[in-house]
Amino acid sequence: MNIAPYLLLATLEGLVQASVLMLTALGLSLVFGVMRVVNVAHGEFFMLGAVGAWICATLIPGPPAVAFVAALVLAPLFVGAIAWAADWAILKRIDYNPEATIVATIGLMYIIQQTTLWSFGPNAQAVDAPFYYTLRFPWFGYSTYKFFIIGAAVVLVGGLLYFLRHSKVGLVMRATQFDRETAQNFGISVGRVYSIVFAVGAMLAAIGGVLVVPAQQAHYLMGHDPLLLSFVVVIVGGLGSIPGTIAAAILIGMSDGLLSVFFSPTLAKIFSTLLVALVLVFKPEGLFGKAGR
Amino acid sequence: MAEVKLLRTQGLARHFDGIKAVDGVDFTLHQGEIRAIIGPNGAGKSTFVGLLSGRIKPSAGRVEFAGRDVTGLPAHKRVRMGLAYTFQITNIYKEMTVLENVAIAAQNRLRPNMLRRNPGGEAEIERLASEAARSVGLGEMLGETAGTLAYGHQRLVEVAMGLAQSPRLLILDEPTQGLSDGEIANFNAVVRKVSETATVLLIEHNMDVVMALADRITVLDQGRVLAEGTPAEITASAAVQAAYLGEPA
Amino acid sequence: MVLHNKKLAALCLAVLVLLFALQFVLSSYMILAATRILILAVFAMGYNMLMGYTGLLSLGHAMFFAAGVYASGMVTYYFGVSLPLAFLIGILGAFAASLIIGLLVLRTQTVSFMIVTLMFAQAAYLTTLYFSRYTGGDQGLTLPTSARSFRLFGQILDMTSDLTRYNIAFAVFAVTLIGLYLITQGPIGRLFVAVRENEDRTRMLGFDTYRIKLVAFTVSGTVSGMAGALYGLMFGFVGSSFAAFQTSIEALLYTLIGGPGTLLGPLLGTTVMTMLIDRLSGLTTAYLVVIGVLLIVVTLWFPAGILGTIRNRWLPWLK
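All values derive from a computational prediction rather than experimental measurement. (Residues numbered from 1 in each chain as written. Chains lettered and ligands numbered in written order. Predicted model: local features only at pLDDT ≥ 70, side-chain atom pairs only at ≥ 80, totals over all residues. Heavy atoms only, no water.)

1. Here we look at the overall build of chain C
Part 1: Along the backbone of chain C there are 14 helices and four strands.
Part 2: Taken against the 2.2 N^0.38 rule, which gives 20 Å for 319 residues, the C-alpha radius of gyration of chain C at 19 Å falls within 12% of a compact globule.
Part 3: Structurally, chain C occupies a C-alpha span of about 55 × 45 × 45 Å along its principal axes.
Part 4: A sequence separation of at least 24 residues applies to 79% of the contacts in chain C between residues at least 6 apart. (Helix = DSSP H or I, 4+ residues; strand = E, 2+ residues; numbered from the N terminus. Rg over C-alpha atoms; globule rule 2.2 N^0.38 Å. Contact = heavy atoms within 4.5 Å.)

In structure tokens form, the structure reads like this:
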């Protein structure tokens, strides 16, 4: 048996997964980095992005590409608005206490999931890809849309990095991350920054959801795996570190893709969860590190 | 008089990112004395007692307590050996009552092993705790929530917690900071009483307190011992005058 | 033995008398509900040892509950071990699991602690699914008829009888309540609270706080697992759902509602929540939304829970 085609396929699938993961995990990482809180509902923002894409595809007539572009704009905005509201209604009121935030976002997770179940239904729904063109390899055909996912993720992450490095908002975010008190003394409204960061983090997850849905289908429980994998990425990459998160996303996305081809997905997940736990137990300083505790 | 060495350091040093907070201190404390450590701000006093108590790990040197090398011993084991430490910044259980605060400290003495039953039990713990609280003048406030007390009283809770451990050495890190004159007088009386049973190491800025209490004084400057002697000798020392007493404290 | 907190002791006694008397007045449906409440309350009381008294918020107690369920259920299912012995094995299993996991997770604090306990519990849950050939996975294992009764002191106890089940659950609950009273209202409990309130200070009073936390963690996990063993054996079912995330969240919510760090809070919280969820069970999964909303509401406005609020306002001995 020739193993090369399998490896190629696994690599491609791994790259696609890594791309989506990179976006989603960056959202989680950004929120942790600046606000020092862990958002357990992050996977639900991803799911809402996917469901948003399906809603756009259902409601907007014309070619799928139109609905897709609309979804790419509207779904993240919608999700960002929800995150903004959650930040205002919940997180600000508990003063971003790290433990309380986890408990509250678990609550938010259940609420979003069940509300989606009621409105969207229990079935998985497919969305047409914006374009169909299959690239022919000697052994199998591969959807060019998946290449588009990779490209889009790279462009978006590049844009995000540029934005963080060079825009005024990015500077303010980094200043707040570096030292909350000093930032406040320099007249930065930390509360404002937190709202923006929380919304942007959620929007990144939502974009991941929109991108993935033509390849994967939307379902109200689809947020679980991205949440788990984002945790793995963010913790392995060093919480709050953007370059670390990107590197870890590629590593984990690729290896998860490869592992899932050769092993049972359950086994791969057991491996990931134990990895996160053991990294936090034995290497906390480098990874969960500077958060103090 | 044959003096028993309770605590001794040799070449004790601690560097933070190249800054020598404590730089090779040889220091000996005899049983039963009241020793004050003074020195200008940044002289390394707090780092030094942090090294003694085990809260800070030394970069070099060693610490001996009660004839035993404790350099590698974690803080809680040193405390268990009788080296009690009260914090410069009041560090008590704010949500608990005064009695409960002191009871936790007293419990250490009675239950070296938390799983072993103790014949005295709860009643004995509470008796010792209230005794310690009374001796610093908190007898009327046993049931009050510690965090709601006035600042001076919170400082006294700290001292009572130190006392309740019936330590061999009680380290008081700037205990009178923020106290009123009346409170300081009461505090001085408390420390004298403590010194009947324990050795006292006092880090203090208030020279009146130092002069009233200390048998001997050690002056730290820039992480080193600048001078050591009786209060009279220290007051007379030109070097100390220049480094410390000349400055408005 | 001198009772330290006499008012609380009297209240506990009154609660026990009341619970015992319930079997003479309740309908058989309500008896069944009360049986479940008592067992789940034991679970929440175990959880409360760690979360309420010691201040360590675990998101993974499902794994200890499940350790009790699986250790006791599988020895019964595969080796036909008698129920009392299986119950002991369940407790032992949970003890071993919590000791080992505790040694690891207690190296972390606050947020890391929450994530690590969550991850270990997820790994345990996934493991029960992965080995579904032995564990039955989601479908679970139903214990055979031979494991539905046992003989104790010459008496045959039938696990399909409502009253027998209620009285066994009551006995386990009573023993747990008394045991935890003795732990929490004495010197050990004081150390748990001392660690919660100010760990650094406790260390500087000469206590090995890692050890204190390990004791709290192990007591907590073992009691939780005891509840799991009882639940599985009593209702004759072993399944992965016991190990799922939601089980951990239920223990958290029961404790939060009733009042973390109060001895009777978990019983009250479990009672309130179980009744509420029963009412809502007609609306399929509506109760998950209720759990979600309550988690947020409690965090925002009610962090001390019912009994905790009463304690803070009026009855300081209620702890």
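2. Notes on the interface of chain B and chain C
Part 1: Counting residues at the interface gives 29 residues for chain B and 25 residues for chain C.
Part 2: For the pair chain B and chain C, the summed buried surface comes to about 2,500 Å²; carbon and sulfur atoms form 61% of the total.
Part 3: In this structure, the connection of chain B to chain C is made through three salt bridges.
Part 4: A salt bridge links C:Asp200 to B:Arg55; the nearest nitrogen and oxygen atoms lie 3.2 Å apart.
Part 5: Run the count over chain B and chain C and you get ten residue pairs in polar contact (both at pLDDT 80 or more). (Buried area = accessible area lost by both parts, 1.4 Å probe. Salt bridge = Lys/Arg side-chain N within 4 Å of Asp/Glu carboxyl O. Polar contact = N/O pair within 3.5 Å; in protein donor to acceptor, adjacent residues only side chain to side chain.)

3. A look at the sheet that holds strand β8 (residues 199-203) of chain B
All names here are of chain B.
Part 1: Taken in spatial order, the six strands line up as β6-β7-β8-β3-β9-β10 in an open sheet, and their pairing is mixed. On the outer flanks of this sheet lie β6 (83-86) and β10 (224-229), each paired with one strand and no other. Averaged over all pairs of adjacent strands, the angle between their axes in this sheet comes to 20 degrees, without regard to strand direction.
Part 2: As judged from the four bridges shared by strand β3 (residues 34-38) and β8, these two strands associate in the parallel manner. Each residue of the ladder has a partner; that of Arg35, found in β8, is Leu201.
Part 3: Running over the sheet, helix α5 (residues 151-164) touches β6 and β7 (169-173) and is turned about 175 degrees from β6. (Pairing = 2+ DSSP bridges. Axes fitted to C-alpha atoms, helices over the stretch in contact; angles between N-to-C directions.)

4. Structural notes on the domain arrangement of chain B
The extent of an interface is frequently quoted as the accessible surface area lost upon association of the parts.
All names here are of chain B.
Part 1: According to the domain assignment, chain B consists of domain 1 (1-71 + 192-249) and domain 2 (83-166).
Part 2: For domain 1 versus domain 2, the distance between C-alpha centres works out to 26 Å.
Part 3: Facing the nine residues of domain 1 at the interface are six residues of domain 2.
Part 4: Taken over both partners, the interface formed by domain 1 and domain 2 buries close to 620 Å², and the fraction arising from carbon and sulfur atoms is 72%.
Part 5: By the criterion of area lost to domain 2, the three top residues of domain 1 are Arg55, Phe65 and Val194, representing 47% of everything that side buries. (Domains from an automatic or database assignment.)

5. Digging into the interface of chain A and chain C
Part 1: Chain A puts 38 residues into the contact, and the matching count from chain C is 37 residues.
Part 2: Taken together, both faces of the contact between chain A and chain C bury some 3,400 Å²; the carbon and sulfur share is 82%.
Part 3: Remark: the boundary between chain A and chain C carries zero salt bridges.
Part 4: On inspection of chain A and its partner chain C, the count reaches one residue pair in polar contact (both at pLDDT 80 or more).
Part 5: Looking at the side of chain A that touches chain C, the elements that each hand over two or more residues are α3 (64-91), α4 (98-120), α9 (224-237) and α11 (265-282) of chain A.

6. Points about the side chain of C:Thr164
Residues and elements named next belong to chain C.
Part 1: Locating Thr164 in the fold gives a position in helix α7 (residues 162-184).
Part 2: For Thr164, a relative accessible area of 18% gives the class buried.
Part 3: Reaching out from Thr164, the side chain makes a polar contact with the side chain of Ser161 at a distance of 2.8 Å.
Part 4: Setting aside anything within four residues of it in sequence, one finds Thr164 in contact with Leu157 and Asp158. (Buried < 20%, exposed > 50% of the residue type's maximum accessible area, 1.4 Å probe, protein only.)

7. Quick word on the sheet that holds strand β5 (residues 68-69) of chain B
All names here are of chain B.
Part 1: Judged by pairing direction, the sheet is antiparallel, and its four strands sit side by side in the order β2-β1-β4-β5 without closing on themselves. Two strands close off the open sheet at either side, each with one partner strand: β2 (19-30) and β5.
Part 2: Where strand β1 (residues 5-16) lies against strand β4 (residues 60-65), five bridges are found, and the strand directions are antiparallel. By the bridge assignment, Ala13 is partnered in β4 with Ala60.

8. What to know about the packing of aromatic side chains
Part 1: By the definition in use, this model includes 22 aromatic pairs over all chains.
Part 2: Arranged with centres 4.8 Å apart and planes meeting at 90 degrees, the rings of A:Tyr96 and A:Tyr194 form a pair that is edge-to-face. Here A:Tyr96, found in the loop between α3 and α4, pairs with A:Tyr194, found in helix α8 (residues 190-216); they are 98 residues apart in sequence, far enough to count as distant. Note on accessibility: A:Tyr96 and A:Tyr194 belong to one class, buried.
Part 3: Taken together, a centroid distance of 5.5 Å and an interplanar angle of 70 degrees make the contact between C:Tyr231 and C:Phe242 edge-to-face. In this pair, C:Tyr231 sits in helix α10 (residues 209-235) while C:Phe242 sits in the loop between β4 (237-238) and α11 (245-258), placing the two residues eleven residues apart along the sequence.
Part 4: For C:Tyr231, a relative accessible area of 13% gives the class buried.
Part 5: Judged by its relative accessible area of 12%, C:Phe242 falls in the buried class.
Part 6: Three or more aromatic residues link up through ring pairs in this structure, and these residues are C:Phe43, C:Phe65, C:Tyr231, C:Phe235, C:Phe237 and C:Phe242.
Part 7: Its end group placed over the ring of A:Trp88, A:Arg93 keeps NZ or CZ at 4.6 Å from the ring centre.
Part 8: Over the aromatic face of C:Trp314 sits the side chain of C:Arg313, whose NZ or CZ is 6.0 Å from the ring centroid. (Phe/Tyr/Trp six-rings, centres within 6.5 Å; stacked < 30°, edge-to-face > 60°. Lys NZ or Arg CZ within 6 Å of the ring centre and 35° of its normal.)

9. Some words on the layout of surface pockets
Part 1: If you add up the space inside the second largest pocket, you get close to 720 Å³.
Part 2: In terms of lining, the second largest pocket is formed by 26 residues, of which the most central are A:Met109, A:His224, C:Gln122, C:Tyr125 and C:Phe245.
Part 3: Counting only elements with at least two residues in the lining of the second largest pocket, the list comes to α4, α9 and α11 of chain A together with α5 (110-130), α11 and α13 (286-301) of chain C.
Part 4: Among the elements that make up the lining of the second largest pocket, the one with the highest residue count is α5(C) (six residues).
Part 5: Considered class by class, the residues forming the lining of the second largest pocket number 17 nonpolar, seven polar and two charged. (1 Å grid on protein atoms, 1.4 Å probe; cavity = no way out; pocket = protein on both sides within 12 Å on 5 of 7 lines; lining within 4 Å. Points joined across faces, edges and corners; volume = space filled by probe spheres on them. Nonpolar A, V, L, I, M, F, W, Y, C, P; charged D, E, K, R; others polar.)

10. Topic: α5(C)
Part 1: Here α5(C) contains 21 residues, and its C-alpha end-to-end distance of 30 Å stays within 8% of the 30 Å for a straight helix at 1.5 Å per residue.
Part 2: Taken across its 21 residues, α5(C) has 15 buried, putting it largely inside the fold. (Expected span 1.5 Å × (residues − 1).)

11. Overview of the pairing of β3(B)
Residues and elements named next belong to chain B.
Part 1: Along β3, five of the five residues are buried, which leaves the element largely enclosed by surrounding structure.
Part 2: The alternating pattern of β3 places Ile34, Ala36 and Ile38 on one face and Arg35 and Ile37 on the opposite face, and all of these are buried.
Part 3: Across four bridges, the pairing between β3 and strand β9 (residues 216-221) is parallel. Counted as the bridge partner of Ala36 is Ile217 from β9.

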